[in-house]
Amino acid sequence: MVEKRRYRRFKQQYTVRFGTEDLSESGFTGDISKGGAFIVSNHLVPLDTRIHVQVHLDPKNFVMFEAVVQRHRLVPPELRDEEPDGFGVRFLYPGEVVADLVHTGSPTFELHFSSPEQLQCFQDRELRPDKLFIATDKVLRIQEKVLLSLCLDFARTTVEHEATVVHIALAHGEGTHPGVTVTFADPDELEARIQPYLVRPPQ
């Protein structure tokens, strides 16, 4: 199967400095593209962590990126001469970085439910895995707090609950939608609050 990528990758090796608060870690690029890079390093930053990346083009010139760690590659010790450890990052686009400067409060997402059956379906499919994908064009950041407002229109009430952005998805062609995946601050509390409005009690 041919692997489809949004951006062409270039197998070019550049020295890299990176870190979450400074540039204390080092490595080099295994490949790089317009959208991200694979950084060869023994220091693996946790997934979904935002980092600063400094790519040295030559001894005098470098470029800076803000990036999010999206995958790890762990290789058995006996194979590291052929394929070293490292991690892949996605470069943040300008709007995501500017969001840090203009951020004024927790974004709110309203979800409307017209019947107990619809709420029950949401509880079964979304609350049990403890994650929810929200299609949105809003510019958000990893680890940003958002407010989830469950509008129970059939009961004329609203349940609000805090959530955290753990993944950002961009549109990749026709039929796909940008959005964010969030996790709930306290899934058990949220489930308890909506339980009186469900078709059946939680199993």
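Residues numbered from 1 in each chain as written. Predicted model: local features only at pLDDT ≥ 70, side-chain atom pairs only at ≥ 80, totals over all residues. Heavy atoms only, no water.

So, on to the nonpolar core. Among the nonpolar cores identified, the biggest contains 25 residues, and Leu150, Val182 and Ile194 are the most heavily contacted of them. The set of elements that each furnish at least two residues to this core consists of strand E7 (108-113), helix H2 (116-127), strand E8 (131-135), strand E9 (145-152), strand E10 (157-169), strand E11 (179-184) and helix H3 (187-194). Beyond its immediate stretch of four places on either side in the chain, Ile194 contacts Leu119, Gln123, Leu127, Leu150 and Val159. (Core = buried A, V, L, I, M, F, W, Y, C linked by side-chain atoms within 4.5 Å. Buried < 20%, exposed > 50% of the residue type's maximum accessible area, 1.4 Å probe, protein only. Helix = DSSP H or I, 4+ residues; strand = E, 2+ residues; numbered from the N terminus. Contact = heavy atoms within 4.5 Å.)

The strand order across the open sheet built from 5 strands is E7-E9-E10-E11-E8, with neighbouring strands paired in mixed fashion. Of all the strands in the sheet, just E7 and E8 have a single pairing partner and so form its edges. On average, each strand axis in the sheet is tilted by 40° relative to the strand beside it, whichever way the strands run. In terms of strand pairing, E10 meets E11 through 6 bridges, oriented antiparallel. Within E11, the position partnered with Ala163 by the bridge is Phe184. (Pairing = 2+ DSSP bridges. Axes fitted to C-alpha atoms, helices over the stretch in contact; angles between N-to-C directions.)

Moving on, we come to the confidence of the model for the chain. In the predicted model, the chain carries a mean pLDDT of 84, and 86% of its residues have values of at least 70. In the model of the chain, helix H1 (residues 94-102) stands out as the element of lowest mean pLDDT, 65, in contrast to strand E1 (residues 15-19), which has the highest, 96. (pLDDT = per-residue confidence, 0-100.)

Summed over all chains, the structure comprises 5 salt bridges. Residue Glu83 is joined to Arg73 by a salt bridge in which the shortest nitrogen-to-oxygen separation is 3.4 Å. Of this pair, Glu83 sits in the loop between strand E5 (62-73) and strand E6 (86-91) while Arg73 sits in strand E5, placing them 10 residues apart in sequence. Among the salt bridges present, the one from Arg141 reaches Glu144, with a minimum N-O distance of 3.4 Å. Taken as a pair, Arg141 and Glu144 share a single burial class, namely buried. Three or more residues joined by partner-sharing salt bridges are found here, namely Arg9, Lys11 and Asp31. (Salt bridge = Lys/Arg side-chain N within 4 Å of Asp/Glu carboxyl O.)

Attention now moves to the packing of aromatic side chains. Throughout the structure, instances matching the rule amount to 3 aromatic pairs. The interplanar angle of 70° and the centroid separation of 5.3 Å between the aromatic rings of Phe18 and Phe87 together place this pair among those described as edge-to-face. With Phe18 in strand E1 and Phe87 in strand E6, the pair connects residues that are 69 residues apart, well separated along the chain. For the pair shown, Phe18 and Phe87 are each scored as buried. Taking 4.0 Å as the distance between ring centres and 10° as the angle between the ring planes, the aromatic pair formed by Phe65 and Phe91 counts as stacked. (Phe/Tyr/Trp six-rings, centres within 6.5 Å; stacked < 30°, edge-to-face > 60°.)

With that settled, consider H2. Among all positions of H2, only Leu119, Gln120, Phe122, Gln123 and Leu127 are buried. Angular distribution of buried residues about the axis of H2 spans 160°; they occupy a single face of the element. Turned more than 90 degrees away from the buried face of H2 sit Glu117 and Arg125, all of them exposed. Looking at the buried side of H2, the elements it contacts are E7, E8, E9, E11 and H3. (Arc of directions from axis to C-beta.)

This part is about the environment of Gly179. If you trace the backbone, Gly179 turns up in strand E11. It is 6.5 Å that separates the C-alpha atoms of Gly179 and Asp137, two residues lying 42 residues apart in sequence. When residues no more than four places from it in sequence are discounted, the contact partners of Gly179 are Phe133, Ile134, Ala135, Thr136, His167, Ile168 and Ala169.

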